[in-house]
Amino acid sequence: MKKRSFWLMMTGISLFNGLMFFLTSLSAMKKGVDGVDNQAGLIFIPLLWVMAAGFLLVMTAFTLMIGIAIKKDRKIGFSEIFKFRGLSVPAKVGRICFIGFSGVLMIFGMMLFTGELLGAVMYSLSGGVLLISLWTWLRAAVVRA
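Report on the accompanying structure.

Reading guide: rules and limits
Residues numbered from 1 in each chain as written. Predicted model: local features only at pLDDT ≥ 70, side-chain atom pairs only at ≥ 80, totals over all residues. Heavy atoms only, no water. 1 Å grid on protein atoms, 1.4 Å probe; cavity = no way out; pocket = protein on both sides within 12 Å on 5 of 7 lines; lining within 4 Å. Points joined across faces, edges and corners; volume = space filled by probe spheres on them. Helix = DSSP H or I, 4+ residues; strand = E, 2+ residues; numbered from the N terminus. Nonpolar A, V, L, I, M, F, W, Y, C, P; charged D, E, K, R; others polar. Expected span 1.5 Å × (residues − 1). Buried < 20%, exposed > 50% of the residue type's maximum accessible area, 1.4 Å probe, protein only. Lys, Arg positive; Asp, Glu negative; His and termini not counted. Salt bridge = Lys/Arg side-chain N within 4 Å of Asp/Glu carboxyl O. Contact = heavy atoms within 4.5 Å. Phe/Tyr/Trp six-rings, centres within 6.5 Å; stacked < 30°, edge-to-face > 60°. Lys NZ or Arg CZ within 6 Å of the ring centre and 35° of its normal. Core = buried A, V, L, I, M, F, W, Y, C linked by side-chain atoms within 4.5 Å.

Before going further, it helps to spend a moment on the layout of surface pockets. Here the largest pocket defines a volume of roughly 470 Å³. Listed by contribution, the elements that provide at least two residues to the lining of the largest pocket are α1 (3-31), α2 (45-67), α3 (89-112) and α4 (117-142). It is α4 that provides the largest number of residues to the lining of the largest pocket, a total of 7 residues. Of the residues assigned to the lining of the largest pocket, the class counts are 15 nonpolar, 7 polar and no charged.

So, on to empty space enclosed by the protein. Scanning all chains against the criterion turns up 1 cavity of 30 Å³ or more. Of the pockets and cavities examined, the largest cavity occupies roughly 50 Å³. In this structure, the largest cavity is lined by Trp7, Met10, Thr11, Ser14, Met59, Thr60, Thr63, Leu130 and Leu134. Contributing elements (two or more residues each) for the lining of the largest cavity: α1, α2 and α4. Taken together, the residues of the lining of the largest cavity break down into 5 nonpolar, 4 polar and no charged.

Over its 29 residues, α1 extends 42 Å from the first C-alpha to the last, a length consistent with the 42 Å expected when each residue adds 1.5 Å. Note on α1: the residue one or two positions beyond its end, Gly32, has a positive phi of about 85°.

Relative to the assigned elements, Arg95 resides in helix α3. This buried residue, Arg95, is left without a salt bridge; Glu80 holds the nearest opposite charge, at 7.0 Å. The residues touching Arg95, leaving out its near neighbours within four places in the chain, are Glu80, Ile81, Lys83, Phe84, Leu87, Trp135 and Arg139.

Here we take up the packing of aromatic side chains. Counting across every chain of the model gives 7 aromatic pairs. Aromatic pair Phe21 and Tyr123: ring centres 5.7 Å apart, planes at 40°, arrangement tilted. With a gap of 102 residues between them, Phe21 in helix α1 and Tyr123 in helix α4 connect regions that are remote in the sequence. Take Tyr123: its relative accessible area is 17%, and that puts it in the buried class. A ring pair is formed by Phe113 and Tyr123, whose centres lie 5.7 Å apart and whose planes are at 80°; its orientation type is edge-to-face. Here Phe113, found in the loop between α3 and α4, pairs with Tyr123, found in helix α4; they are 10 residues apart in sequence, far enough to count as distant. Clustering of aromatic rings is evident, with ring pairs tying together Phe6, Phe78 and Trp137. For the cation-ring pair, Arg95 lies above Phe84, with the distance from its terminal atom to the ring centre recorded as 6.0 Å.

This paragraph deals with the nonpolar core. With 13 residues, the main nonpolar core has Phe6, Met10, Ile70, Ile76, Leu130 and Trp137 as its most contacted residues. Elements with a contribution of two residues or more to this core: α1, α2 and α4. Ignoring sequence-local partners within four residues, the contact set of Met10 consists of Thr63, Leu130, Ser133, Leu134 and Trp137. Core analysis: the next-biggest nonpolar cluster, separate from the first, contains 8 residues, Met20, Phe21, Ile45 and Ala120 among them.

This is the structure:
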């Protein structure tokens, strides 16, 4: 995929992930949390929305700035993270750790919204794809191939 298309797709994924966070947390806020006596903590969810929106803006600007270092005709693909041939052992270990850490974050994302199965799955999967795309984007800027 070309540089601009990849960036637009990555930005779309981040917006979808933010939308899933908003919709799923809104639903959780409306329903309340089963087994919890004090539901007052749910008041802080709108604060999380503001922080998440700010983070999305900063992340989008950051990826746009990083994109300046990527050659215009550079092809970028998700499969790069799964290519281990020719890597040193520390590079392989680092990449495996990143994939594992991303998986742990996806599980955590699922656990945030256990009462909203579809929203939790969509939030978790889009977050995992976003992490992989951010890694791929940063690698494309650092490795000038």
